[in-house]
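Reading the structure
Spelled out from the first residue to the last, the chains are:
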Amino acid sequence: MMNAPGPSSLSKARKDSESVIPMPGSPTRLQAFAAWARQPGVLLSLPALVVFLFGFLGPLLLVILYGFMPARSFGLDHLPTLENFVTVFQDSYYLSFAWSVGLALATTIILMLVCWPVAYGLSRIFRRSMILTLLLVLPLFVSENVRLFGWVLTLLNHGILDGTARTLFGWEVSDLLYNVPVTIMGMVYVYLPFMLFPMALGVSMIPEACREAAFDMGASRWQVFREVEVPLAMPGILIGALLTFVLTLGSISEAKILGGQSVIMIAHDIETAFTYAQNWPLGSALSTLLILLTGVLVIGLLSKLNIDKLLSRK
Amino acid sequence: MSDTILELKGVEKYFGEFVAVERINLSVKDGEFFTLVGPSGSGKTTMIRMLVGMDKPSRGDILMSGERVNDVPANRRPTCMVFQSLALFPHKTVGENIEFPLKLRGEARHNRKTRAIELLEQLHLSEAYYSKKISECSGGEKQRVALARALAFDPQILFFDEPLSALDYRLRKTLEKELKDIQRRTGKTFVYITHSLEEAMVMSDRIAIMRKGRIVQVGTPDEIYNNPANGFVAQFMGEVNEFRVSRADSEWLRDLDTEKRYPIPPESSVSEGLLIVRPERMRLLSDNEKADSRFEGVVENQYVLGSRVQYQVRVKDRNLLVEAMIGQPYKVGDSVSLGWDADQSVLIPE
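Fair warning: this is a prediction, and the values are worked out from it, not measured in the lab.

So, the overall build of chain A
A tally of helices and strands in chain A yields 15 helices and zero strands. Counting every position in chain A, which comprises 314 residues, the buried fraction comes to 30%. A separation of at least 24 residues holds for 67% of the contacts in chain A among residues at least 6 apart in sequence.

Written out as structure tokens, the structure is:
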């Protein structure tokens, strides 16, 4: 092999492996595996594969296994049990699940409405505006918690907003914090870029001629939107919706910092179980259920969306 | 006569300082196949965008059936355009694409389908195409779907923005003929835009030739071919033999480059300009054959153009082109005589 590089050796190796595969159990099977492993793709994917295995699949498996251990145990050497899941369904954890799903849904829908005009402008009017894109991305460089505490300072009773209004106009703008609307506002604020950029990509995929053709055939502004723009931008909209929904479903800071625990989200319950309650198996069971819920939603949506076709489309 | 369906009066369009089109006066008759021809940058796309209603003229009026439509937006004009990119909706099936204008009008689903299948048939596409995806159609099929969709709209004037330019030669020829055929059968007014005068000649009743934002000549294909308004139009059709001349007396022209004399073509009013002889009007002469003008030269190149052959003949320090039926006995390097009769040439302003 080393002595005869070039296309001839390559084709020879391929021929070898082809002739080998139909004969399972034969001694050349090892050679076939070696040939397969020598492919550049396999070698190059190794680092990522190792990270994926030990950094993602391993911990995930641990979490799932812990979910089946007896409550308050620290170790995987006990007999598996379903008691944690029974606890989850008997206790009021369904409320946290409902709040999480509800808030995630509300945030996603609000973001869709808010981001469409911005995405439209971003991809069609301010196409070359680096500054605008930068302004939208910049907040991501600041820690989420810091930004949320910024909002707390702004909205606090006698805070920036209330204090200014009182001093200048004598108005009282109090009790803005620690409720559901402000929690949603925080989520909308934090996850906006995750909806905006995929959506802008989707909008930029609408051919200008299609829009004009629809208009030319008598479509009103609304009909162009419904019949042409939304369906053609759908891939971007779906990806954006998926990102924001999954991220808000697992979010915790907005409800804690801005919402002041007026609603408890599932991520908060999980955190409590792992830290304050020192009940890892319960936390694991909750995590497993959340992962399951997210997985079903994501796979359900992604199966309707052919990414390959999307990207190859002109 | 009130059968003028489209009229342009002094239409001009500026983009900032840039003059896209100026001083456009045109009228298109009802039921006519009218073509705007010009090289890229001649303003024809600007023209069609104004006609369809996607741009407003900076000055002048556009009248449709006698009514001023300058400010009527595209979606309220009784016109429809077949785009250069076709602009078919990739997320809709062939049937849904064709039905689109009917759906916008709120036609019942059943009627829409009947009409769509009728149109498919008219454009030689089987009913099976109704539920096909756009991505499953070939280039020619997409053309037909785009045309069917435009016909479903049932416009008073149908505009075309070079829809055939991306197709291969043979398919383009077929579709040109089909388009002409459909125009005749439906009796609709077609306004077509192209950069190919050849394409325009095949299909059009009348042609307007544009250059640098202005209309240079309007006429039937015959008129354009036989009496080009100037050198630009003459060359636009393809290679021609040109001689810079001025009148020497009442019968003769003097070649400004070679001092040679040519007879004045009949019905010429120009005193100085270009004498145009098309390669197919030039003749290869046998020894004692007579012609009003005669040259001796050497064949420098020959190009076979299918049923005809074109010779590039070197005469002193210029090349002349002559076309003849294929099967001539001349080879590269042969000495030949060539010439033309006065009525086969035209004298035009430069």
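As for the overall build of chain B
Along the backbone of chain B there are eight helices and 20 strands. Taken over the C-alpha atoms alone, chain B extends approximately 75 × 45 × 40 Å along its principal axes. When burial is assessed residue by residue, chain B has 37% of its 350 residues classed as buried. When contacts within chain B are restricted to residue pairs at least 6 apart in sequence, those whose partners lie at least 24 apart make up 63%.

Here we look at the domain arrangement of chain B
All names here are of chain B. Here chain B is described as being made up of domain 1 (4-231) and domain 2 (239-283 + 292-348). Contacts between the two partners involve five residues from domain 1, matched on the other side by five residues from domain 2. In terms of residue class, the side of domain 1 that touches domain 2 is built from two nonpolar, three polar and no charged.

Observations concerning the nonpolar core
Among the nonpolar cores identified, the biggest contains 138 residues, and Met 199 of chain A together with Phe 159, Ile 209 and Leu 275 of chain B are the most heavily contacted of them. Take this core: its biggest share by element is 13 residues, from helix H9 (residues 180-204) of chain A. Other than its neighbours up to four places away in sequence, Met 199 of chain A contacts Cys 115, Trp 116, Ala 119, Ala 233, Gly 236, Ile 237 and Gly 240 of chain A. Core analysis: the second largest hydrophobic core is formed by six residues, Leu 155, Leu 177, Val 182 and Leu 258 of chain A among them.

Topic: the sheet that holds strand S5 (residues 67-68) of chain B
Residues and elements named next belong to chain B. Taking strand neighbours across the sheet as the criterion, the four strands line up as S2-S1-S4-S5 in an open arrangement whose pairing is antiparallel. Each of the sheet's edge strands pairs with one partner strand only, and the pair in question is strand S2 (18-29) and S5. Alignment of strand S4 (residues 59-64) against S5, held across two bridges, turns out to be antiparallel. Bridged to Met 64 within S5 is Glu 67.

A word on the sheet that holds strand S7 (residues 157-161) of chain B
Residues and elements named next belong to chain B. Read from one edge to the other, the open sheet built from six strands follows the order S6-S7-S8-S3-S9-S10, with strand pairing classed as mixed. Of all the strands in the sheet, just strand S6 (79-82) and strand S10 (214-219) have a single pairing partner and so form its edges. Averaged over all neighbouring strand pairs, the angle between strand axes comes to 20°, with direction disregarded. On the sheet, helix H4 (residues 139-153) packs against S6 and S7 and is oriented at approximately 180° with respect to S6.

Brief notes about the interface of chain A and chain B
Interfaces are often sized by the amount of accessible area the parts lose when they come together. Contact with chain A, which involves 16 residues of that partner, is made by 16 residues of chain B. Within the residue set of the side of chain A that touches chain B, elements represented by two or more residues are helix H10 (208-216) and helix H11 (221-249) of chain A. With six residues, H10 of chain A is the largest single contributor of residues to the side of chain A that touches chain B. In the side of chain A that touches chain B, the residues fall into ten nonpolar, three polar and three charged.

Remarks on the domain arrangement of chain A
Residue and element names in this part refer to chain A. As far as domains go, chain A holds domain 1 (7-83) and domain 2 (92-312). With ten residues of domain 1 at the contact, the number on the domain 2 side is nine residues. Considered class by class, the residues forming the side of domain 1 that touches domain 2 number seven nonpolar, two polar and one charged.

Some thoughts on the pairing of S2 of chain B
Looking along a regular strand, one sees side chains alternate from face to face of the sheet. Residues and elements named next belong to chain B. Pairing of strand S1 (residues 4-15) with S2, which is carried by eight bridges, proceeds in the antiparallel orientation. Within S2, the position partnered with Leu 6 by the bridge is Val 28. What sits between the antiparallel neighbours S1 and S2 is a turn of two residues, in which Gly 16 has the positive phi angle 65°.

Notes on the pairing of S7 of chain B
Residue and element names in this part refer to chain B. Here S7 lies mainly inside the structure; five of its five residues are buried. Residue alternation in S7 divides its side chains into two sets, Ile 157, Phe 159 and Asp 161 and Leu 158 and Phe 160, and both sets are buried. Relative to S7, S6 is paired through four bridges, and the arrangement is parallel. In the strand pairing of S7, Val 82 is matched with Phe 160. Pairing of S7 with strand S8 (residues 189-194), which is carried by five bridges, proceeds in the parallel orientation. Directly across from Asp 161, in S8, lies its bridge partner Ile 193. In this fold, S7 hands off to helix H5 (residues 169-186), which returns the chain to S8; that crossover is right-handed.

Details of unusual backbone geometry
Residues and elements named next belong to chain B. Of note in the backbone geometry, Ala 87 takes a positive phi value of approximately 55° without being a glycine. Take Ala 87: it is sitting in the loop between S6 and helix H2 (94-104). Residue class for Ala 87 comes out buried when judged on the 25 C-beta atoms lying within 10 Å of it. Phi is positive for Glu 259, close to 65°, though the residue is something other than glycine. Turning to its location among the elements, Glu 259 is positioned in the loop between strand S12 (252-255) and strand S13 (261-263). Take Glu 259: there are 8 C-beta atoms within 10 Å of it, and that puts it in the exposed class.

Here's the deal with the packing of H9 of chain A against H11 of chain A
Geometrically, a packed helix pair is captured by the angle between its two axes and the distance between the axes. Residues and elements named next belong to chain A. Viewed as axis vectors pointing N to C, H9 and H11 meet at an angle of 160°, and their least axial separation amounts to 7 Å. The orientation of H9 relative to H11 falls into the category roughly antiparallel. Handedness of the H9/H11 crossing: right-handed. Judged by residue contacts, Met 187, Tyr 191, Phe 194, Met 195, Pro 198, Met 199, Leu 201, Gly 202 and Val 203 of H9 engage Ala 233, Met 234, Pro 235, Gly 236, Ile 237, Ile 239, Gly 240, Leu 243, Thr 244, Leu 247 and Thr 248 from H11. Classifying every residue of the contact of H9 with H11 by side-chain character gives 15 nonpolar, five polar and no charged.

Parameters and conventions
- Residues numbered from 1 in each chain as written.
- Chains lettered and ligands numbered in written order.
- Predicted model: local features only at pLDDT ≥ 70, side-chain atom pairs only at ≥ 80, totals over all residues.
- Helix = DSSP H or I, 4+ residues; strand = E, 2+ residues; numbered from the N terminus.
- Buried ≥ 20, exposed ≤ 12 C-beta atoms within 10 Å, placed from the backbone.
- Contact = placed C-beta atoms within 7 Å.
- Domains from an automatic or database assignment.
- Nonpolar A, V, L, I, M, F, W, Y, C, P; charged D, E, K, R; others polar.
- Core = buried A, V, L, I, M, F, W, Y, C linked by C-beta atoms within 7 Å.
- Pairing = 2+ DSSP bridges.
- Axes fitted to C-alpha atoms, helices over the stretch in contact; angles between N-to-C directions.
- Right-handed = clockwise from strand over helix to strand, strands pointing away.
- Parallel < 35°, antiparallel > 145°, perpendicular 65-115°, else oblique.
- Left-handed = near helix turned anticlockwise from the far one by under 90°.

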